[in-house]
Amino acid sequence: MQIGIDLGGTKIEIQALSPRGELLFRQRAPTPQGNYPATVAAIAALIGQAEHHTGHTCPQIGIAIPGAISPASGLIKNANSVCLIGQRLDQDVSALIQRPVVLANDADCFALSEATDGAAAGTASVFGVILGTGVGGGIVIQGKLLSGPNAICGEWGHNPLPWPDPADPAARPCYCGKQGCIETYLSGPGFAQQFQQQTGTPLMSEQIWQLADQGDPEAAQATGRYIDQLARSLASVINILDPEVIVLGGGLSNVKRLYSEVPQRWERYVFSDSVTTALRRAKYGDSSGVRGAAWLRPAG
Ligand SMILES: [Zn+2]
């Protein structure tokens, strides 16, 4: 049995999987807000529940976190759950449960899940993309999560939007301190802000896609521009990584148009006479982060 945990801003989810990936146990608990010791205790309690329910003990635990481990300090960085920043969550949970704990960024866990037995199973190179409240990414090569000296593999969301177009709204500041990051255009809130910049109307991302389906001209224009921006942004990744498959997760991955229209559009940006890269929807949806955490293995 293997156990994965997805530590989110509002909830903590645990799943226990069989070696073949079958779900044995699943439980959710609210994330204690702004309280790090209570968060550690809640994680340990969920592990106890999973092992009590299944009757198995797991030799190590994987946790997906909304951030990364700084290779320089060993501490959590880049986390939007502020109480995690600067903590050693792996050591603190490990001290409570007396077993090794492996942490990884949630987008990395998503990519690992989809590459292991999801939408990109059996392929040699995968770029996993989260298009949700933020824009993240992870890279899996030959079944192994790619890691680098700065622990930022796949973080395409904080590159600038490539091939600027006069129809793009003006660059807006990003929480990372830069301006015009891909995340400020392609996240759900980023897309909604683009729409408001150009129309003055405050709508949620899902509402804009629905209006476009109903023939609303402003929404049709905005969604068409989003598709072009996504195609440009992924084309710049394809030019560097040339993955066999790109898998989309997060709220915007539910937009069916993306899978037909984005590959048509990226042909004009990718540096190749033909583009055979596959664009697929995540198989496990919201469960991919927690499943990928279960597939994590200690480095080395
Ligand atoms: Zn940024």
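Residues numbered from 1 in each chain as written. Predicted model: local features only at pLDDT ≥ 70, side-chain atom pairs only at ≥ 80, totals over all residues. Heavy atoms only, no water.

1. Quick notes on the sheet that holds strand 11 (residues 245–249)
How we decide: Two strands are counted as paired when DSSP detects at least two bridges linking them. Starting at the N terminus, helices and strands are each numbered in turn, a helix being any DSSP run of H or I of at least four residues and a strand any DSSP run of E of at least two. The contact criterion used is simple: two residues touch if any of their non-hydrogen atoms lie within 4.5 Å. Helix axes are fitted to C-alpha atoms over the stretch in contact, other axes to C-alpha atoms as well, and angles between N-to-C directions run from 0 to 180 degrees.
Strands sit in the order 10-9-8-11-12 across an open sheet of 5 strands; the sheet is mixed. Here the strands that pair on one side only, and so sit at the sheet edges, are strand 10 (144–145) and strand 12 (278–281). Examined bridge by bridge, strand 9 (residues 135–141) and strand 10 share 2 bridges and lie antiparallel to one another. Looking at the pairing, Ile-141 lines up with Lys-144 of strand 10. Most of the contacts of helix 8 (residues 257–266) go to strand 12, to which it runs at about 160°, and overall it touches strand 11 and strand 12.

2. Section: the domain arrangement of the protein
We count it as follows: The domain limits used here are those given by an automatic or database domain assignment. Defined in terms of a 1.4 Å probe, buried area is the accessible area two parts forfeit on being brought together, summed over both. Criterion for a salt bridge: a side-chain nitrogen of Lys or Arg within 4 Å of a carboxyl oxygen of Asp or Glu. Pairing of N or O atoms within 3.5 Å defines a polar contact, subject to two protein rules: one partner must be a possible hydrogen donor and the other a possible acceptor, and residues neighboring in sequence count only if both atoms are side-chain atoms. Lys, Arg, Asp and Glu make up the charged group, whereas Ala, Val, Leu, Ile, Met, Phe, Trp, Tyr, Cys and Pro make up the nonpolar group; the residues left over, Gly among them, are polar.
With domains assigned, the protein is organised as domain 1 (2–109 + 287–294) and domain 2 (121–282). Residue-level contacts link 8 residues of domain 1 with 12 residues of domain 2. Contact with domain 2 buries surface across domain 1, with Pro-71, Ala-107 and Asp-108 losing the most and accounting together for 60% of the total. Summed over the shared surface of domain 1 and domain 2, the result is 0 salt bridges. If you look at where domain 1 meets domain 2, you find 1 residue pair in polar contact (both at pLDDT 80 or more). Elements with a minimum of two residues in the side of domain 1 that touches domain 2: strand 5 (68–69) and helix 3 (106–117). Class assignment for the residues of the side of domain 1 that touches domain 2 results in 4 nonpolar, 2 polar and 2 charged.

3. Describing the packing of aromatic side chains
Note on aromatic pairs: each is described by the distance of the centres and the angle between the planes. Condition: Note on aromatic contacts: the rings of Phe and Tyr and the six-membered ring of Trp form a pair at centre separations within 6.5 Å, being stacked when their planes are under 30 degrees apart, edge-to-face when over 60 apart, and tilted otherwise. Buried residues are those whose accessible area, probed at 1.4 Å on protein chains only, stays under 20% of the maximum for their type, while exposed residues exceed 50% and partly exposed ones sit between those limits.
One pass over the structure, following the stated rule, counts 5 aromatic pairs. Aromatic side chains Phe-127 and Trp-156 sit 5.7 Å apart centroid to centroid with 80° between the ring planes, which places their arrangement in the edge-to-face category. Here Trp-156 lies in the loop between strand 10 and helix 4 (182–186) and Phe-127 lies in strand 8 (residues 125–131), a separation of 29 residues in the sequence. Pair check on accessibility: Phe-127 and Trp-156 agree, each one buried. Through a chain of ring-to-ring contacts, the aromatic side chains of Phe-191, Trp-209 and Tyr-226 assemble into a single cluster.

4. What to know about the packing of helix 7 (residues 217–241) against helix 8
Geometrically, a packed helix pair is captured by the angle between its two axes and the distance between the axes. Stated precisely, the cut-off is as follows: Relative orientations are named as follows: roughly parallel for angles under 35 degrees, roughly antiparallel for angles over 145 degrees, roughly perpendicular for angles from 65 to 115 degrees, and oblique for any other angle. Each crossing is labelled by how the near helix is turned from the far one, with a counterclockwise turn of less than a right angle marking it left-handed and a clockwise turn marking it right-handed.
In contact at an axis separation of 8 Å, helix 7 and helix 8 are set at 60° when each is read in the N-to-C sense. Considered as vectors, helix 7 and helix 8 are oriented oblique to each other. In this structure, the crossing between helix 7 and helix 8 has a hand that is right-handed. Counted together, Thr-223, Gly-224, Tyr-226, Ile-227, Asp-228, Leu-230, Ala-231, Leu-234, Ala-235 and Ile-238 of helix 7 and Arg-257, Leu-258, Glu-261, Val-262, Arg-265 and Trp-266 of helix 8 form the full contact between these two elements. Split into classes, the residues belonging to the contact of helix 7 with helix 8 amount to 10 nonpolar, 2 polar and 4 charged.

5. Regarding the coordination of the zinc ion
What counts is decided by this rule: Think of the donor list as every N, O and S atom within 2.8 Å of the metal, or within 3.2 Å for Na, K and Ca; water never makes the list, so a site can look incomplete. Between 85 and 135 degrees for all angles marks four donors as tetrahedral; over 155 degrees for opposite donors together with 65 to 115 for all other angles marks four donors as square planar and six as octahedral; every other arrangement is irregular.
At this site the zinc ion is bound by His-158 (ND1), Cys-174 (SG), Cys-176 (SG) and Cys-181 (SG), with donor distances of 2.1 to 2.3 Å. For the zinc ion, the 4 donor atoms in the first shell make angles of 105 to 120° at the metal, a pattern classed as tetrahedral. All donors of the zinc ion come from a single chain, and their spacing in sequence reads H-x15-C-x1-C-x4-C. Note on Cys-176: relative accessible area 33%, which makes it partly exposed.

6. Describing the pairing of strand 1 (residues 2–7)
Counting buried positions over the 6 residues of strand 1 gives 6, a clear majority of the element. Here strand 1 shows no split at all, with Gln-2, Gly-4 and Asp-6 on one side and Ile-3, Ile-5 and Leu-7 on the other all buried. Where strand 1 meets strand 2 (residues 11–17), 6 bridges bridge the pair, whose relative direction is antiparallel. Looking across to strand 2, one finds that Asp-6 is bridged to Glu-13. Count of turn residues in the strand 1/strand 2 antiparallel hairpin: 3 residues.

7. Side note on the pairing of strand 12
Stated formally: When the strands point away from the viewer and the path from the first strand over the helix to the second turns clockwise, the crossover is right-handed.
Sheet topology note: the strand 11/strand 12 ladder contains 4 bridges and is parallel. Residue Val-247 lies in a different strand from strand 12, and its bridge partner there is Arg-280. Once the chain exits strand 11 it traverses helix 8 before rejoining the sheet at strand 12, and the crossover so formed is right-handed.

8. Thoughts on the side chain of Asp-228
Along the chain, the position of Asp-228 falls in helix 7. Classification of Asp-228 by relative accessible area gives buried; the value is 7%. At 2.8 Å, the side chain of Asp-228 and the side chain of Tyr-269 are in polar contact. Excluding residues that lie within four positions of it along the chain, Asp-228 makes contacts with Arg-265 and Tyr-269.

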